[in-house]
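Take a look at the letters that make up each chain.
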Amino acid sequence: MSATRRPRVTAGSAVRHRPWPLCRQCCGVALDMGSARTRAWISGRGLVLDVPTVTFPGAGAVYPIQRGAIVDTPGTARMLDRLLGHRLPRFTRPLIVVTAPVLDGVAFRAAARTAVEVLLPRSVLTVPGARAVALGAGADLSRPLLVVDIGAHLTEVVLLSDGAVVDARRTALGTIDLDSGPPAQISEAVAGMVTAMLRQDRTSLTLDALHRGPLLAGGGALRPEITYHLTGRLHAPLRAVAAPHTAAVRGAAALLHAAHTHPSLTASVPPTPRPH
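Residues numbered from 1 in each chain as written. Predicted model: local features only at pLDDT ≥ 70, side-chain atom pairs only at ≥ 80, totals over all residues. Heavy atoms only, no water.

## Notes on the overall build of the protein
Move 1: A count of helices and strands for the protein gives eight helices and 12 strands.
Move 2: In the protein, which comprises 276 residues, the share counted as buried stands at 50%.
Move 3: Long-range pairs, those at least 24 residues apart, make up 65% of the contacts in the protein between residues at least 6 apart in sequence. (Helix = DSSP H or I, 4+ residues; strand = E, 2+ residues; numbered from the N terminus. Buried < 20%, exposed > 50% of the residue type's maximum accessible area, 1.4 Å probe, protein only. Contact = heavy atoms within 4.5 Å.)

Pasting the structure below:
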């Protein structure tokens, strides 16, 4: 697998580059790699990708990320090179911010860091998907917050306090499962996870966040049948994020902007633990 980027050749065989800010240190990419869709935000250009998470190593299609886990790291790297290699300016080393599932995130982050090396990053930061959603929604992180992120193949319920993860639950169910099961199935799973949080929490954080109203994101937030069932099961107001399917990548982009504005943030972020 080569990390060399292909030159951009026009019809006249002259190599040209896309316009880019003079500050090459400002080059950055925010990535949200889900089981169904991969979304990318590039500094100065906004959202440039919202495509299926798939690669084509041979005659057929291969899906390198399944149920929130990177199962094919080389395939993920090939996909990123195909989708983004030609979109980045030459002779730059971008800062990359990657969203990751809260649970099993160590394995995901380790694989993601390996895969994004194909883009020759100068630094890689990871952010829990729920925190990225909250940032993308412009939520007040000074108060307890429940984030319900219903993706295509994975649903996470995460409790944040001061922006940090306090508790998290997940289920391998998503909107794709609606084809074989009733919408109430996902709502019941989410309600069960919230109930388990309430029972385990010896403080008032979960209850306060529930009364405030869970933040609903992911493609599931666009399904009115899920919202209807979930509102009835939780007996709490749901706050759907604007453009919920892109909230995570927008939040990663906000973190990317903050890191560029305050470069010390990059240096102060501790390295992501790698599995032993």
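And the narrative resumes.
## Some words on the pairing of strand 7 (residues 123-128)
Move 1: Here strand 6 (residues 95-100) runs beside strand 7; their pairing, made up of six bridges, is parallel. Considered in strand 7, the bridge of Ala100 is made with Pro128.
Move 2: You can see the chain leave strand 6, run along helix 2 (residues 105-116) and come back into strand 7, and the turn it takes is right-handed. (Pairing = 2+ DSSP bridges. Right-handed = clockwise from strand over helix to strand, strands pointing away.)

## What about the environment of Arg143?
Move 1: Residue placement: Arg143 occurs in the loop between helix 3 (129-137) and strand 8 (145-150).
Move 2: Expressed as a C-alpha distance, the spacing of Arg143 and Asp208, which sit 65 residues apart in the sequence, is 8.6 Å.
Move 3: Not counting the four nearest positions on each side in its chain, Arg143 is found in contact with Leu160 and Arg212.

## Some words on the sheet that holds strand 2 (residues 37-42)
Move 1: Taken together, the five strands give an open sheet; going across it, the order is 3-2-1-6-7, and neighbouring strands pair in mixed fashion. Two strands bound the open sheet, and with one partner strand each, they are strand 3 (46-52) and strand 7. Geometrically, the sheet is characterised by an average inter-axis angle of 20 degrees between neighbouring strands, direction not taken into account.
Move 2: On top of the sheet, helix 1 (residues 73-84) reaches strand 1 (28-33), strand 2 and strand 3; it is set at about 130 degrees to strand 1, its chief contact.
Move 3: Set on the sheet, helix 3 makes contact with strand 6 and strand 7; between it and strand 7 the angle comes to about 85 degrees. (Axes fitted to C-alpha atoms, helices over the stretch in contact; angles between N-to-C directions.)

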